[in-house]
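Report on the structure
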Amino acid sequence: WPNGRVRQTHADGMVIERFPDGTQSQTAVDGTRVTQHPDGSIVQELPDGSSMHQHPDGSVRQVLADKSVIEQAPDGSRKQEWPDGRVHQLHVDGSTMVKGTDGSITHTMTDGHRVTKFEDGSILSEDLETNTSMREWPDGKIQQRLDDGTVIERTADGGMRPIDGY
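Report follows, based on the coordinates. Along each chain, numbering runs from 1 in the same order as the chain's sequence is written. Whole-chain, interface and lining totals are the exception, using all residues; otherwise, since this is a predicted model, local features are given only for residues with pLDDT of at least 70 and side-chain atom pairs are given and counted only at 80 or more. Side-chain metrics in this entry use all non-hydrogen atoms of the structure; hydrogen atoms and water are not considered.

1. Points about the overall build of the chain
From N to C terminus, the chain includes zero helices and 18 strands. Among the 166 residues that make up the chain, the fraction classed as buried is 26%. Working rule for contacts: check all heavy atoms of both residues, and any pair within 4.5 Å makes them a contact. Contacts in the chain between residues at least 24 apart in sequence constitute 1% of all its contacts with a sequence separation of at least 6. Accessible areas in this description were obtained via Shrake-Rupley with a 1.4 Å probe; residue shielding takes into account the shown protein chains only. Within the structure as shown, the chain displays about 10,300 Å² of accessible surface, and the carbon and sulfur contribution to it stands at 50%. Each helix corresponds to a stretch of at least 4 residues labelled H or I by DSSP, and each strand to a stretch of at least 2 residues labelled E; elements are numbered beginning at the N terminus. Each residue is placed in one exposure class: buried if its accessible area under a 1.4 Å probe, protein chains only, is under 20% of its type's maximum, exposed if it is over 50%, and partly exposed if it falls in between.

This is how it looks when you write it as structure tokens:
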């Protein structure tokens with residue numbers, strides 16, 4: 001090619017292209033393409049539309065066939081996002097963050113505590129070891145689950161009553 005690109009087609013159908021900047025691309029008969037860039041990054045594209053990009057710093061970004069995206073950092077932290085808005089993050093310390101399709105965001109710590117913030121402004125704090133929890137609403141209402149399973153509700157006006165479940 002006049003621009004310096006070199007293309008080779010092998011007997012098995014594999015196509016190898018080399019570009020003047022040092023980029024090299026290999027495309028298999030099934031459509032799988034692997035491209036190596038001069039900076040050390042590697043991009044793999046599969047026929048189903050999924051891809052994986054490995055960066056020189058060790059981070060990896062994958063786009064799956066369902067269009068969800070997974071990103072992994074060199075420190076081991078990981079994040080996955082789905083087209084419907086769900087997100088799941090795993091942090092280096094083992095804690096997680098999950099965003100639901102309903103807009104809720106849940107943080108789970110390694111010490112057994114979980115906190116969920118809901119779209120309505122309420123916050124649910126849970127101790128997974130003792131199976132106790134407390135949910136607070138912006139208007140001041142509180143529901144508390146005790147370790148014996150009893151649920152108590154404190155209303156915004158200060159009243160208190162036991163209730164059955166959440």
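Read on, since the account is not over.
2. Section: the packing of aromatic side chains
Within 6.5 Å between ring centres, the rings of Phe, Tyr and Trp (the latter by its six-membered ring) count as paired, and their orientation is classed by plane angle as stacked under 30 degrees, edge-to-face over 60, tilted in between. Evaluation of the coordinates by the stated rule reveals zero aromatic pairs. In our convention, an over-ring charge means Lys NZ or Arg CZ found within 6 Å of a ring centre and within 35 degrees of that ring's normal. The aromatic ring of Trp82 is capped on one face by Arg86, whose charged end is 4.4 Å from the ring centroid. Seen from the ring of Phe118, Arg135 lies directly overhead, with NZ or CZ sitting 3.9 Å from the centre.

3. As for the pairing of strand S10 (residues 87-90)
Two strands pair under a simple rule: DSSP has to find at least two bridges between them. Bridge analysis of strand S9 (residues 78-81) against S10 gives four bridges, and the strand direction is antiparallel. The residue bridging Gln80 from the neighbouring strand is His88, located in S10. Connecting S9 to the next strand, S10, in antiparallel fashion are five residues, including Gly85 with a positive phi near 100°. Sheet topology places S10 next to strand S11 (residues 96-99); four bridges connect them, and they run antiparallel. Residue pairing in the sheet places His88 in a bridge with Val98 of S11. Hairpin connection from S10 to S11: five residues lie between these consecutive antiparallel strands, with Gly94 at a positive phi of about 95°.

4. With respect to the pattern of salt bridges
Just to be clear on terms, a salt bridge is a Lys or Arg side-chain nitrogen sitting within 4 Å of an Asp or Glu carboxyl oxygen. By the definition in use, this model includes eight salt bridges. The shortest N-O distance in the salt bridge between Glu45 and Arg33 comes to 4.0 Å. Of this pair, Glu45 sits in strand S5 (residues 42-45) while Arg33 sits in strand S4 (residues 33-36); the two residues are 12 residues apart in sequence, bridging distant segments of the chain. Residue classification places Glu45 among the partly exposed residues on the basis of a relative accessible area of 35%. A residue is classified by how much of its surface remains accessible, and Arg33, at 33% relative accessible area, is partly exposed. Close ionic contact of Arg161 with Glu153 constitutes a salt bridge, the shortest N to O distance being 3.0 Å. Under the relative-accessibility criterion, Glu153 is labelled buried at 6%.

5. Brief notes about unusual backbone geometry
Positioned with a positive phi, Lys67 is a non-glycine residue whose angle comes to about 75°. Summarising the element assignment, Lys67 is placed in the loop between strand S7 (60-63) and strand S8 (69-72). Residue classification places Lys67 among the partly exposed residues on the basis of a relative accessible area of 49%. In this structure, Asn131 is a non-glycine residue whose phi angle is positive, near 60°. Tracing the chain through its elements places Asn131 in the loop between strand S14 (123-127) and strand S15 (132-136).

Keep in mind these numbers describe shape, not what the thing actually does.
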